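Commentary on secondary and tertiary structure
In case you want the letters, here they are:
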Amino acid sequence: MRILLCGGAGYIGAHTYVVLVERGHDVVVADNFSNSSPGVLARLRQITGRPVPFQPLDLRDRDAVTGFFAHQAFDAVVHFAALKSVGESCERPLDYFHNNIGGTLNLLHGMREAGVDRLVFSSSATVYGDPERVPVREDARLQVTNPYGRTKLVMEELIGDLCRSDAGFHAANLRYFNPVGAHASGLIGEDPTGIPNNLMPYICQVAVGRRDRLSVYGADWPTVDGTGVRDYIHVMDLARAHADALDFLVRERRSLTVNLGTGQGVSVLQLVEAFAQAAARRIPYQVVARRPGDVAEVYADPSLAERTLGWRAELGIEAMCRDAWRWQSQNPQGYPMA
Ligand code: NAD
Ligand code: WQD
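Attention here is on the structure that accompanies the text. Computed from a predicted structure; not experimentally measured.

The rules behind these values
Residues numbered from 1 in each chain as written. Chains lettered and ligands numbered in written order. Predicted model: local features only at pLDDT ≥ 70, side-chain atom pairs only at ≥ 80, totals over all residues. Heavy atoms only, no water. Helix = DSSP H or I, 4+ residues; strand = E, 2+ residues; numbered from the N terminus. Rg over C-alpha atoms; globule rule 2.2 N^0.38 Å. Contact = heavy atoms within 4.5 Å. Areas by Shrake-Rupley, 256 points an atom, 1.4 Å probe, with all protein chains shown as cover. Lys, Arg positive; Asp, Glu negative; His and termini not counted. Charge placed at Lys NZ, Arg CZ, Asp CG, Glu CD. Near = heavy atom within 4 Å. Polar contact = N/O pair within 3.5 Å; in protein donor to acceptor, adjacent residues only side chain to side chain. Nonpolar A, V, L, I, M, F, W, Y, C, P; charged D, E, K, R; others polar. Salt bridge = Lys/Arg side-chain N within 4 Å of Asp/Glu carboxyl O. Buried < 20%, exposed > 50% of the residue type's maximum accessible area, 1.4 Å probe, protein only. Phe/Tyr/Trp six-rings, centres within 6.5 Å; stacked < 30°, edge-to-face > 60°. Core = buried A, V, L, I, M, F, W, Y, C linked by side-chain atoms within 4.5 Å.

Quick look at the overall build of the chain now. The secondary structure content of the chain amounts to 11 helices and 13 strands. Relative to a compact globule of 338 residues, whose C-alpha radius of gyration would be 20 Å, the chain shows 19 Å and is just as compact. In terms of overall dimensions, the chain has a C-alpha envelope of 55 × 45 × 40 Å along the principal axes. Put simply, of all contacts in the chain between residues at least 6 apart along the chain, 80% involve residues at least 24 apart. Entry remark: accessible area of the chain is about 14,600 Å², with carbon and sulfur atoms responsible for 47%. Looking at charge distribution, the chain has the averaged site of its 34 positive side-chain charges lying 2 Å from that of its 38 negative ones.

Listed below in structure tokens is the structure:
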């Protein structure tokens, strides 16, 4: 297939690019680099051994999006492009609505005009908010607690309406749990700008000496050791699920919404310990107050993904830590400036 990756220069997009090229697809990356580095393209070329077709594109620019689709033929779009910081979304909700929802509308419009009728969408476990029970199934109550989460929920709903209005348009909403890790080459990985918001990149920066110590947000949660429990999923397993979702859309000609997680809950301190083992170094930390908006425990029931896509996570927490550390230790400051 000829596939467009919107936001393909970002963390999950870049890893998915590698898997799709390995599966023989013809893949084009489009991005505005608002949260990524052009340096990733050279690394993708190094991994795949071939030039990386790239299109500068800002999804907020509707004319540019429709103009682009008018001159290209695609069999499917994988849509990663979004702003993703929960804290920032609370400070600047309109920017999040404009970029994530507005950008998605422009993309859907462009796809419709060009007759592209398969979409894989990056949704998130954030749509479950504070779940009533774990493991979380796809039919759990949806509730969001911040503007970022709201954009994901609204986008799922908009895409659902479009699918209902047109029997020929099919979408896969992939609800990622907590993506971590990196490609085994150590050439691509997560490269956050500024102070990392998420646990794994923070641990990586402590390990490599960029930050003094990790702040653990609360050790008084009702969990195995008092720290927050999440479902960390290796980014290469996640990337593979996108290829499987594209195959599903072609094969089954219907839409679906699935969780992508391992089904295993891991606490903050368990992750710190696993990382310390993998990197063979101490990770200094201090317990501080709970982070506002956090919840105790979230992990997936991933069985629907196995039944529908034939996909299940294969890589465990050791591989996640080993590969995250390989990337961080080989690239202490992230991607080189282009
Ligand atoms: P990322 O920020 O690394 O990648 C997103 C990419 O989209 C970036 O390269 C950015 O420059 C690009 N982008 C943003 N707005 C754009 C626009 N208007 N036009 C063109 N490009 C634009 O994030 P990621 O971690 O790779 O996440 C990918 C997707 O998965 C996002 O939609 C995110 O919300 C979702 N998601 C991420 C996580 C996570 O923890 N990483 C969890 C659940 C869901
Ligand atoms: C994991 C655990 C923290 C940082 C967020 C978004 C979610 C999704 C993924 C996109 C929690 C603890 C963290 C730190 C810590 N993104 N922690 N010290 O909160 O599960 O999910 O990213 O869709 O929408 O909300 O991930 O990595 O931030 O936190 O103790 O410096 O680590 O309290 O228990 P989270 P996270």
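Lining the immediate surroundings of ligand 1 are 27 residues, of which Asp31, Asn35, Ser36, Lys84 and Tyr148 lie closest. Note that an oxygen atom of ligand 1 is positioned 2.9 Å from one of the backbone N or O atoms of Tyr11. A distance of 2.6 Å is found between an oxygen atom of ligand 1 and a side-chain nitrogen or oxygen belonging to Tyr148. In isolation ligand 1 offers 820 Å² of accessible surface; the protein chains occlude 95% of this area. Looking at the shell around ligand 1, the element that brings in the most residues is strand E5 (residues 118-124), giving 3 residues. In the shell around ligand 1, the residues fall into 13 nonpolar, 10 polar and 4 charged.

Turning our attention to the site of ligand 2. Lining the immediate environment of ligand 2, one finds 18 residues, of which Ser124, Tyr148, Ser215, Arg230 and Asp294 sit closest. Within the side chain of Tyr148, a nitrogen or oxygen atom sits 2.5 Å from an oxygen atom of ligand 2. Between ligand 2 and the protein, one listed contact pairs a nitrogen atom with a backbone N or O atom of Ser215 at 2.7 Å. When the free accessible area of ligand 2 is taken as 690 Å², the share hidden by the protein chains comes to 87%. Counting residues per element, the shell around ligand 2 draws most heavily on strand E8 (residues 214-217), which supplies 4 residues. Counted by class, the shell around ligand 2 contains 8 nonpolar, 7 polar and 3 charged residues.

What follows is about the pattern of salt bridges. What the rule picks out here adds up to 22 salt bridges. Asp95 serves as the salt-bridge partner of Arg92, at 2.3 Å between the closest nitrogen and oxygen. Two residues, Arg230 and Asp294, come together in a salt bridge whose shortest N-O distance is 3.9 Å. With Arg230 in strand E9 (residues 229-230) and Asp294 in the loop between strand E13 (285-288) and helix H10 (303-309), the pair connects residues that are 64 residues apart, well separated along the chain. By relative accessible area, Arg230 is classed as buried at 15%. Residues joined in a network through salt bridges with shared partners are Arg23, Asp244 and Asp247.

With that out of the way, let us pick up the packing of aromatic side chains. Evaluated as defined, the whole model comprises 7 aromatic pairs. Note on Phe33 and Phe54: the rings are 5.1 Å apart at their centroids and 20° apart in plane angle, and the pair reads as stacked. With Phe33 in the loop between strand E2 (26-31) and helix H2 (39-48) and Phe54 in strand E3 (residues 54-56), the pair connects residues that are 21 residues apart, well separated along the chain. Using a relative accessible area of 26% as the deciding quantity, one classes Phe54 as partly exposed. With a centroid separation of 5.8 Å and an interplanar angle of 40°, the aromatic rings of Phe68 and Phe74 are classed as tilted. Take Phe68: its relative accessible area is 7%, and that puts it in the buried class.

Ranked by internal contacts, the top residues of the largest apolar core, which has 45 residues, are Leu5, Tyr17, Val40, Leu44, Val120, Leu174 and Leu260. Beyond its immediate sequence surroundings of up to four residues, Leu174 is in contact with Val120, Phe121, Ser122, Ser123, Ser124, His242, Ala245, Val258 and Leu260. Listed in part, the 25 residues of the second largest apolar core include Met200, Cys204, Leu214 and Val266.

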